[in-house]
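Observations on the three-dimensional arrangement
Here is how the chains run, residue by residue.
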Amino acid sequence: MRKEVLIVFLLLIPGTLAATLYNADSLEAEVKVFGEFTLEPEQTDYQVSEAKARLFLIPLKDYRQQAVSVDSVGKVQDNEVSFYYEKPAAGVLQYGFSAVMNTIDKQIEITEKLPYPLTKLTGFDEYLQRSDIIDSSNPAIVYQASRLAEGKDDLFDVAFTLAQWTEENIKYNLSSLTSEASLPASWVLEKRIGVCDEMTSLFIAMARSLGIPARFVKGMSYTESAIFDRNWLPHGWAEVYFPGIGWVSFDPTFGEYGFIDVTHIKLRDTADPGKPDITFEILGYNTNIIPGKILSDVSIRKKGGDIDPVVTLTTTPLREQVTFGSYNLLSVDLKNNRDHYLATTLSLAAPPELRLVGRDKKAILLNPGEEKKVNWVVQVPETLEEKYKYTFPYKIFTERNLSAE
């Protein structure tokens, strides 16, 4: 007599987001920006009466961040830190600042629909113009942006769609070609690769091609990606102007639309990301200026508590049990707990034995108080050993580490 044995196999889920800085409601961090440049004589007969450096990365204050203290030998002004060197000797000169910065989890709340396209908008020409990097008049960019915005009449929906498309279709690529110097948005659109600056430039270019003012933000952010050798890195994201409301953050690289988390530390905003972050000048003769790289570092002094959940999510499979080789639907019910527009990115973590149809990430836009259902299709492999029962756990989590499983 043959006996069949029923065994339950629990297949472990690959690593998901641990509780990290992303879901903190506040941070206190020390930010350092520093560098050096060299005065190099061209001849034995040379002279430098004075040298100046103007650093345009500064500890900015806005609705979600402020500088508690700033330490620098330079003069901290509204848009720059300036350095003066009187009768400097040939050789290396240094510049920089150290600032204690507080960031809080705060979003500019858009509670009602703002019509698109924009009309009667004045005073924002600078943020609608093309540049060498943000070549918004390029026909391919105009065409792509127009296709994405077609049929839409809600400004937040348009901006969300442009950012979502950029994240989904531009592969983050740290090639030496793109990591050292930003390339035009049209190049990024054609090649479908880029780093954060280039993904942001493409998003801004598409927005401007539609008559939506957008600007480039430079700063620092935190990452846990294994492709980097440190956690805090220079980063670029965008701000889009909403009439009557202000500049709203969109970060296509991070999948943060209409907000940024507390690890984003803003140091500059500019209409043209091709403008230098530092300039030098000397009064003298027979001397060259050799600039060095601008370096930066961030260390956490204090982490706040966890943010309150902005969405509610629950998940169930369509069927609790399926046969080998068949498909199943993993559904998530989402509810916006806030009275303003909210975008969230959902990620699915499941054992590799479950074959996923499509992407593991989905960006979702929720109107105030809106509820939505989101689905993933998975297939159970045919190659599993028969006469056993397999149990596959899965987990769905947001960029803020809210999860359902």
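This text gives an overview of the structure that appears in the document. Remember, it's a predicted structure, so these values are computed and weren't measured experimentally.

**Structural notes on the side chain of Thr161**
- For Thr161, the position within the fold is in helix α2 (residues 155-169).
- The exposure class of Thr161 is buried, given its relative accessible area of 11%.
- A polar contact of 2.7 Å, which involves the side chain of Thr161, links it to the backbone oxygen of Asp157.
- Residue contacts for Thr161: discarding those within four places in its chain leaves Leu148 and Lys152.

**Observations regarding the packing of helix α1 (residues 139-149) against α2**
- It is at 9 Å that the axes of α1 and α2 come closest, and there the two elements cross at 125°. Judged on the interaxial angle alone, α2 and α1 are oblique. Crossing geometry of α1 relative to α2 is assigned as right-handed. Across the interface between the two elements, Gln144, Ala145, Leu148 and Ala149 of α1 pack against Val158, Thr161, Leu162 and Trp165 of α2.
- Tallied by class, residues from the contact of α1 with α2 come to 6 nonpolar, 2 polar and no charged.

**Details of the sheet that holds strand β23 (residues 371-379)**
- Overall, antiparallel pairing links the 4 strands, which are arranged β18-β19-β23-β21 in an open sheet. A single partner strand is all that each edge strand has here, and the edge strands are β18 (311-317) and β21 (355-357). Across this sheet, the average inter-strand angle for adjacent strands is 30°, counted without regard to direction.
- Pairing analysis gives 9 bridges linking strand β19 (residues 327-336) to β23, with the strands arranged antiparallel. Its bridge partner being in β23, Val332 is matched across the sheet by Val374.

**Some thoughts on the pattern of salt bridges**
- Evaluated as defined, the whole model comprises 18 salt bridges.
- Residues Arg301 and Glu28 are paired through a salt bridge, measuring 3.1 Å at the closest nitrogen-oxygen approach. Taken together, the positions of Arg301 in strand β17 (residues 295-303) and Glu28 in strand β2 (residues 26-41) put the pair 273 residues apart, joining distant regions of the chain.
- Residue classification places Glu28 among the buried residues on the basis of a relative accessible area of 18%.
- A salt bridge links Glu167 to Lys361; its shortest N-O distance comes to 3.4 Å. With Glu167 in helix α2 and Lys361 in strand β22 (residues 361-366), the pair connects residues that are 194 residues apart, well separated along the chain.
- Three or more residues are tied together by salt bridges with common partners; here these are Glu167, Glu168, Arg359 and Lys361.

About the criteria used
- Residues numbered from 1 in each chain as written.
- Predicted model: local features only at pLDDT ≥ 70, side-chain atom pairs only at ≥ 80, totals over all residues.
- Heavy atoms only, no water.
- Helix = DSSP H or I, 4+ residues; strand = E, 2+ residues; numbered from the N terminus.
- Buried < 20%, exposed > 50% of the residue type's maximum accessible area, 1.4 Å probe, protein only.
- Polar contact = N/O pair within 3.5 Å; in protein donor to acceptor, adjacent residues only side chain to side chain.
- Contact = heavy atoms within 4.5 Å.
- Axes fitted to C-alpha atoms, helices over the stretch in contact; angles between N-to-C directions.
- Parallel < 35°, antiparallel > 145°, perpendicular 65-115°, else oblique.
- Left-handed = near helix turned anticlockwise from the far one by under 90°.
- Nonpolar A, V, L, I, M, F, W, Y, C, P; charged D, E, K, R; others polar.
- Pairing = 2+ DSSP bridges.
- Salt bridge = Lys/Arg side-chain N within 4 Å of Asp/Glu carboxyl O.

Keep in mind these numbers describe shape, not what the thing actually does.
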